[in-house]
Amino acid sequence: MAKPPHLRLSKRVVDRLPVDGGDIVFWDRELPGFGVRVYPSGRKVYVVQTRHNGRSQRVAMGRHGDIPSDRVRNEATKIIARLKAGLPPVEAKPGGPPTLADLAGRFQREHVAPHCKPGTARNYGYILRKHIVPRLGELPVAEVERKDIFKLQFELSGVPTVANRCLDILAKMLNLAELWEMRPPNRNPCRGVRRLKASPRRERFLTPEELGRLGQALEAAPAEKLASRHVAAAIRLLALTGCRKNEILGLAWDDLDFAAGEMWLRDSKTGERMVPMPPAAAEVLASLPRTGGNPWVFPGRKKGSRQVNIHVSWDRVRKRAGLDDVRLHDLRHTFASRALAIGEGLPMIGELLGHRRVGTTARYAHLARESIQAATAKVADSIGAEILD
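Just so we're clear, the structure is a prediction, and the values are computed from it rather than from any experiment. (Residues numbered from 1 in each chain as written. Predicted model: local features only at pLDDT ≥ 70, side-chain atom pairs only at ≥ 80, totals over all residues. Heavy atoms only, no water.)

J.: Whenever I open this one, the sheet that holds strand β7 (residues 273–276) confuses me. Can you help?
T.: Pairing between the strands of a sheet comes from backbone hydrogen bonds, and it takes one of two forms, parallel or antiparallel. Spatial strand order, β5-β6-β7: 3 strands in an open sheet with antiparallel pairing. Every other strand in the sheet has two partners, leaving β5 (256–257) and β7 as the edge strands with one partner each. When strand β6 (residues 262–265) meets β7, the two strands line up antiparallel, connected through 4 bridges. Bridge pairing in β7 places Leu265 opposite Arg273. (Pairing = 2+ DSSP bridges. Helix = DSSP H or I, 4+ residues; strand = E, 2+ residues; numbered from the N terminus.)

Okay, here's the thing in structure tokens:
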């Protein structure tokens, strides 16, 4: 690929920057060292890069859209000047050592923005704003102790899943604080803190009869204005492939190889991966019309955009099918349960679902036992009919 041109990075220009198969940095032609990094997912992060004492330094400023467009250039100028002077990119607040709130800000700028997917970044930001910073934000980073972690856990004991998420984020933040020399090494107070016992995950699997009602509702959805043709197809694909919602909605036409029977998932929770395109899914995809000038399989309302939220349509469809307690994600559980029922083992299920850890797939172990018991009973009944006569 040719070296990208230098541009004047205004909001309008950054909005229109193309997304390619790899990371690309577009540099500003007026302010040397100021640029924006465009990821294959479409995420755009402002960066600055300069040299001090022969050493190159690059700092992520934040995501495009999160920083006011009229301030980003001035902020970049200040950061570049500080880096050239050998100073930290952001001036420490006067009047004392950095607090956990200061660490949270740096964590979001320098770790979350350049490394995390948009959904993860939103989740981190919510947890920090809602739970961590209000409770621990005023504490000096170097003085956060285990008792502070226990106190936060106790206050959130009524919502153990949230408490555990806070613990995960704090552990990551305080590890980085040691790396950034904001705390003594090997002193992370989250180490050894036990996670709270969360309520069992809700599991819901559709029966064959319920799948039939869902299929009828999806067939009627476009005519009854429950869901568009594309959204109905997306819901069918969730059931046929076991993929996550964002994996299906993030498909571009270039990601589909009908000849090989494969789909390239770029927006996968566990990283980009290739998955099979079963014939039933290929039939659904092949039936969809393409929108001129739009690369996405499931186009959005705005020109060149894609669908990001189909829950409103899903609510109408599931009501029509009499499945009020069924979530979109339950279609993924149903795919796993059906695979187990026809004899696939847990390792294969994990591969099909794109699980990174074996423990994630282990939640279906009880279904595997039920399948084995049912199969054993059938075999025993067959033999018993002969040996016990």
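J.: Hey, could you run me through the sheet that holds strand β3 (residues 44–52) in this one?
T.: Read across the open sheet, the 4 strands follow the order β1-β2-β3-β4; overall the sheet is antiparallel. Two strands bound the open sheet, and with one partner strand each, they are β1 (24–27) and β4 (55–63). The average undirected angle you get between the axes of adjacent strands in this sheet is 30°. Judged from the 5 bridges that link them, strand β2 (residues 34–38) and β3 form a sheet pairing that is antiparallel. For Phe34, the partnering residue across the bridge sits in β3 and is Val48. Seen against the sheet, helix α2 (residues 72–84) touches β2, β3 and β4 and runs at an angle of roughly 30° to β3. (Axes fitted to C-alpha atoms, helices over the stretch in contact; angles between N-to-C directions. Contact = heavy atoms within 4.5 Å.)

J.: Explain the packing of helix α3 (residues 100–115) against helix α6 (residues 160–179) to me, please; I cannot follow it from the model alone.
T.: Helix packing for two helices is described by the angle between their axes and how far apart those axes are. Two elements in contact, α3 and α6, have axes separated by 10 Å at closest approach and are oriented at 90°. Here α3 is positioned roughly perpendicular relative to α6, judged by the angle of their axes. Taking contact as the criterion, the partners of Leu100, Leu103, Ala104, Phe107 and His111 in α3 are, on α6, Ile169, Leu170, Lys172, Met173, Leu174, Leu176 and Ala177. Tallied by class, residues from the contact of α3 with α6 come to 10 nonpolar, 1 polar and 1 charged. (Parallel < 35°, antiparallel > 145°, perpendicular 65-115°, else oblique. Nonpolar A, V, L, I, M, F, W, Y, C, P; charged D, E, K, R; others polar.)

J.: What is the right way to look at α6 in this model?
T.: Spacing of three or four residues puts side chains on the same side of an α-helix, whose turn is 3.6 residues. Here α6 contains 20 residues, and its C-alpha end-to-end distance of 29 Å stays within 8% of the 28 Å for a straight helix at 1.5 Å per residue. Residues of α6 that are buried: Pro160, Ala163, Asn164, Cys166, Leu167, Ile169, Leu170, Met173, Leu174, Leu176, Ala177 and Glu178. Those residues of α6 that are buried lie in contact with α3, α4 (118–136) and α5 (146–155). (Expected span 1.5 Å × (residues − 1). Buried < 20%, exposed > 50% of the residue type's maximum accessible area, 1.4 Å probe, protein only.)

J.: What's the story with the pattern of salt bridges in this structure? I'm lost.
T.: Pairs may arise between side chains of opposite charge once their charged atoms sit close together. Counted under the stated rule, the structure contains 18 salt bridges. The salt bridge involving Glu224 is made with Arg320; its shortest N-O contact spans 3.0 Å. Here Glu224 is found in the loop between α7 (208–220) and α8 (229–241), whereas its partner Arg320 is found in helix α11 (residues 311–320), with 96 residues between them in sequence. Given the relative accessible area of 41%, Glu224 is considered partly exposed. Each of the salt bridges in this network shares a partner with another, and the network as a whole consists of Arg135, Lys151 and Glu155. (Salt bridge = Lys/Arg side-chain N within 4 Å of Asp/Glu carboxyl O.)

J.: For this particular structure, what's the right way to read unusual backbone geometry?
T.: Trans peptide bonds make up most of the peptide bonds, and negative phi angles are found at most residues other than glycine. Non-glycine residue Asn186 carries a positive phi angle of around 60°. Counting through the fold element by element, Asn186 comes out in the loop between α6 and α7. One non-glycine residue, Lys225, adopts positive backbone phi at about 60°. You can call Lys225 exposed: its relative accessible area is 70%.

By themselves these figures say nothing about function.
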